[in-house]
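Structural features, examined
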Amino acid sequence: MLTPSDKNHLRIIISSLFLLILFVDVSAQTHQCGFNHYMDQRYEQDPSLLEMRSAYEDEIQAIINSRSSFVSKTIPVVVHIIYNDSYSNISNAQVNSALTAINEDFNADNSDYNNVVSGFSSIKSDVGISFALASIDPDGNPTTGITRTESDFTDYADENVKSLVIWDTDMYLNVWVVDNIESGAGAYAYYPGTAPAGAEGIVCRHSQFGTMGTSSSYNFASTTMTHEIGHYLYLAHTWGDSNDPGLDENCGEPGDWVPDTPETKGTPYGCNTNQYTCGSLDNVQNYMDYSDCANMFSNGQSHRMHAALHSSLGGRVNLWQHDNLVATGIIDDSEPIDDSDCIEEEIIVQINTGSYANEISWIIVDSNDEYVTGGGGEYSNYSTYYSNVCLPTGSYTFQSIDWWGDGWNNGGSFSIRDCDNSIILNNTSIEGSGENDGFVVSECIDIIFGCTNPIASNYNSEASDDDGSCIILGCTDTEANNYNTLANQDDNSCIYYGCQDASAMNFDSQANEDDGSCEYVILPSFFNYELTGSNHTIVCPENMEFLLFDGPISNFDVIGVFYQNDLGEDQCAG
């Protein structure tokens, strides 16, 4: 018979046993990464991949050393669900939960990001790489970014599932979600450019894909895809190139090729944040370890992943290019830019390509280092391309990119013009992996055509550019007394001063305003006459001289013809 004390001890034993069973059960549901297993197979099949990796490492280091920072990037994703029953045919919601978790991990939005221990808080990184389900498939048709293929390959998946369905790996990150992986791994990926037959991508069990459905929010499961994308973007495990954490030989060079992650033997499970294995504190919370509390990438790992996305190996460089984001539906560029719709400031980017034009691309980022727009990746040699971009006023950086690292060859250049068609940025000698050039977008005054002359009758106070339409009314007759030298349209206002009295000797028929200048003939009182308005002609011999009382005849003298009537009186005859 059990005493109360025995019962208490039994309860403690049972409770401990339950916790142990629970831990074993959770651990049994998760499977470690198969990356090194599959990479070792590839090196055995093709030893030249080791030489290629050595050259690739040099390229990655050159890219990292040529840049002080990297811009944020977005990668299109397609998820291929391989299933043979309702359990393995996971829901869209579970797929979306996986994308959410990945994006949180790569953008420092994970809820445990601030739980990084103080020893590594200074190197934890907001990587700035986002992942989005494609909305356009390789044929240009709408898609959810999720495909479903029924096949028993899901029970023993490896490269076989890639033969069922694959989208262009230069355009999409392909993810195959399966029920079981033949090697027993939870997921696996390859370094860039090493996948068999170029079938780049990630194979992952659905039980470690996402945070709901057949998966869980348990850290090891929910961060599996984050870990594998790290491999896909050229990250090793924190302890180096083996699939076995905890080995003594894991200490030492070259490790994971990342300068700010300490040497470590690795963590096969658990979360001992005070672990020292190679003479320094281990970064057990790193996503590239096997711990149960992964919550960070380091700055060095971030730079390495971005560098992989600037290399052509494995098609990584094309994934985040503007044209590819448009082609995969991540960016909606279906409507051409209409000047009338641009409520901000419009600039024109001109790209002139030389040789090897497919190597070059460009992006514009704002003052917060946020991506605005870009292009390239599919340019033709010796061609010119134009892009109209609407931007708020402010400071921007134009990043020219050459993934080969030898500059924009043989005449490659770019220029940016503002709304006045003035060049605000120009570079005709782009070297190495590319350059960063700053420019400022200033407020552009809208051009309003109209009459800008304030004395014109149709003056437009809002006009900024004169269109020659000004109308200045006034007298345009140079003979008029009020002739206006500025007038270009007669308004019938011309004034002609003069004598308007027709009986005056100086009557002016053109005058329309009397100026009081009329002159009249003054006749002697004995000139009894009536003005008839008729003219008389007096014919005089050529040698006859007419004299008045005081001299010869002159202008305005009056000559009269008189005769005497029967009474002997003088009469005026005219």
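Conventions and cut-offs
Residues numbered from 1 in each chain as written. Predicted model: local features only at pLDDT ≥ 70, side-chain atom pairs only at ≥ 80, totals over all residues. Heavy atoms only, no water. Disulfide = S-S within 2.5 Å. Helix = DSSP H or I, 4+ residues; strand = E, 2+ residues; numbered from the N terminus. Buried < 20%, exposed > 50% of the residue type's maximum accessible area, 1.4 Å probe, protein only. Salt bridge = Lys/Arg side-chain N within 4 Å of Asp/Glu carboxyl O.

**Focus: the state of the cysteines**
All told, the structure shown has five disulfides when counted by the stated rule. Here Cys 251 engages in a disulfide with Cys 278; their sulfurs sit 1.8 Å apart. One quick way to see it: the torsion about the S-S bond of Cys 251 and Cys 278 is about -85°, and its sign makes the bridge left-handed. Taken as a pair, Cys 251 in the loop between α6 (224-232) and α7 (299-308) and Cys 278 in the loop between α6 and α7 lie far apart in primary sequence, 27 residues in all. Here Cys 451 pairs with Cys 470 through a disulfide, and the sulfurs are 2.0 Å apart. On the S-S bond that ties Cys 451 to Cys 470, the torsion sits near 105°, and the link is right-handed. Residue Cys 451 is found in the loop between β15 (449-450) and β16 (465-466), and its partner Cys 470 is found in the loop between β16 and β17 (473-474); the two are separated by 19 residues along the sequence. We note that Cys 451, like Cys 470, is buried.

**Looking at the pattern of salt bridges**
Applying the stated criterion to the full structure yields five salt bridges. With its nearest N and O atoms 2.5 Å apart, the salt bridge here joins Arg 53 to Asp 241. A residue pair is termed long-range when its members are at least 10 positions apart, and Arg 53 in helix α3 (residues 48-65) and Asp 241 in the loop between α6 and α7 qualify at 188 residues. Arg 53 sits in the buried class, given a relative accessible area of 12%. Across the pair Lys 162 and Glu 159 runs a salt bridge, and its minimum N-O distance is 3.0 Å. Look at Glu 159 and you get partly exposed, because its relative accessible area is 22%.

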